[in-house]
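Now for the letters of each chain:
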Amino acid sequence: MYLKFLSIILIFFLYLTLAASALVFAKLLLIIVNAIHPPKEGVFLRDPSDKDYRYWSLRNVIKKWPFWICHRFPFPFLDNISFKMFGVKTKFSNSLFEGWVDTEFMEIGKNVVVGQGAVVMSALIIGNFLIIRKTVIEDNVRIGAHAIVLPGTHIGKNCVLNTWST
């Protein structure tokens, strides 16, 4: 019995170590990539010859592994730590772990809940263009399940975005 308990605790700490090392390694890579070409808002051509598109794609690839690891953890605090580490201005009172939230040009107030399967974006590809705009969500906002928040959206205080809305 004692050995099972210790093995569960060991697995838990190994998982936390894996997540923390993935976050630190990805953060170091992002610092290097952002020093070479910092992210900026705008409309860019979706073409490998466009530096803004190329570096946006590279930053997204770097963030996939740590977010995947942190999102599989059963407690939401690891997701909030990863969001804060990658530049999302958010509070620990928020529940962002049920949906997908971009990490660049994102400001999220206090007591925000993102519903299951919801998508909050600051970047979007439409046709041959990459659109990057700052997205702001103020305090006490509820975003329903499967709702989509597009780049450049500003949601005011105490708002509710209903399920399946855009």
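That block above? That's the structure.
Fair warning: this is a prediction, and the values are worked out from it, not measured in the lab. (Residues numbered from 1 in each chain as written. Predicted model: local features only at pLDDT ≥ 70, side-chain atom pairs only at ≥ 80, totals over all residues. Heavy atoms only, no water.)

Draft legend 1. Main features of the nonpolar core. Residues Val101, Val114, Val120 and Ile143 are the most contacted members of the largest nonpolar core, which totals 31 residues. Within the residue set of this core, elements represented by two or more residues are helix 1 (2–36), helix 2 (51–71), helix 3 (77–85) and strand 3 (106–108). Counting residues per element, this core draws most heavily on helix 1, which supplies six residues. Residues contacting Ile143, with those up to four places away along its chain left out, are Val113, Val114, Gly115, Ala118, Val120, Ile137, Val149, Ile155 and Leu161. (Core = buried A, V, L, I, M, F, W, Y, C linked by side-chain atoms within 4.5 Å. Buried < 20%, exposed > 50% of the residue type's maximum accessible area, 1.4 Å probe, protein only. Helix = DSSP H or I, 4+ residues; strand = E, 2+ residues; numbered from the N terminus. Contact = heavy atoms within 4.5 Å.)

Draft legend 2. Molecular detail of the packing of helix 1 against helix 2. At their nearest, the axes of helix 1 and helix 2 sit 8 Å apart, and the two run at 170 degrees to each other. With respect to each other, helix 1 and helix 2 are oriented roughly antiparallel. Taken together, the residues of helix 2 that come into contact with helix 1 (itself represented by Tyr15, Leu18, Ala19, Ala22, Leu23, Ala26, Leu29, Leu30, Val33, Asn34 and Ile36) are Tyr55, Leu58, Arg59, Ile62, Lys63, Trp65, Pro66, Ile69 and Cys70. Of the residues contributing to the contact of helix 1 with helix 2, the split by class is 17 nonpolar, one polar and two charged. (Axes fitted to C-alpha atoms, helices over the stretch in contact; angles between N-to-C directions. Parallel < 35°, antiparallel > 145°, perpendicular 65-115°, else oblique. Nonpolar A, V, L, I, M, F, W, Y, C, P; charged D, E, K, R; others polar.)

Draft legend 3. Region of the structure containing a nonpolar patch on the surface. A contiguous nonpolar patch, built from Tyr2, Phe5, Leu6, Ile9, Phe12, Phe13, Phe75, Phe77, Ile81 and Phe92 and spanning about 990 Å² of accessible area, is present on the exposed surface. Only helix 1 and helix 3 provide two or more residues apiece to the nonpolar patch. Residue contributions to the nonpolar patch peak at six residues, all from helix 1. Assignment of secondary structure puts Phe75 in the loop between helix 2 and helix 3. (Patch = residues over 30% accessible without salt bridge, like charges linked within 9 Å, V, L, I, M, F, W, Y side chains within 5 Å. Areas by Shrake-Rupley, 256 points an atom, 1.4 Å probe, with all protein chains shown as cover. Salt bridge = Lys/Arg side-chain N within 4 Å of Asp/Glu carboxyl O.)

Draft legend 4. Just the pattern of salt bridges, in detail. Overall, the coordinates contain four salt bridges when judged by the stated rule. Asp52 is the salt-bridge partner of Lys40, the closest N and O atoms lying 3.8 Å from each other. Taken as a pair, Lys40 in the loop between helix 1 and strand 1 (42–45) and Asp52 in helix 2 lie far apart in primary sequence, twelve residues in all. Looking at Lys40, the relative accessible area reads 41%, which means it is partly exposed.

Draft legend 5. Representation of the sheet that holds strand 4 (residues 113–114) in the model. Within the open sheet, the three strands sit side by side as 4-9-12. Their pairing is parallel. Strand pairing shows two members of the sheet lacking a second neighbour, strand 4 and strand 12 (160–161), which therefore form its edges. Both strand 9 (residues 142–143) and strand 12 contribute to a ladder of two bridges, which runs parallel. Along strand 12, the bridge assignment pairs Arg142 with Val160. (Pairing = 2+ DSSP bridges.)

Draft legend 6. Representation of the environment of Gly42 within the structure. Summarising the element assignment, Gly42 is placed in strand 1. For the pair Gly42 and Ile131, spaced 89 residues apart in sequence, the C-alpha separation works out to 6.0 Å. Sequence-distant contacts of Gly42, that is, excluding residues within four places in its chain, are made with Leu130, Ile131, Ile132 and Arg133.

Draft legend 7. Structural view of the sheet that holds strand 8 (residues 135–137). On the basis of which strands lie adjacent, the open sheet formed by three strands has the order 3-8-11 and parallel pairing. Sheet topology places strand 3 and strand 11 (154–155) at the edges, where each strand pairs with a single neighbour. As paired elements, strand 8 and strand 11 share two bridges and run parallel to each other. Paired with Val136 across the bridge in strand 11 is His154.

Draft legend 8. Helix 3, seen in detail. Within helix 3, burial applies to Leu78, Asp79, Asn80, Ser82 and Phe83. The inward-facing, buried residues of helix 3 abut helix 1, helix 2 and strand 2 (100–101). One or two positions beyond helix 3, positive phi appears at Gly87, with a value near 105 degrees.

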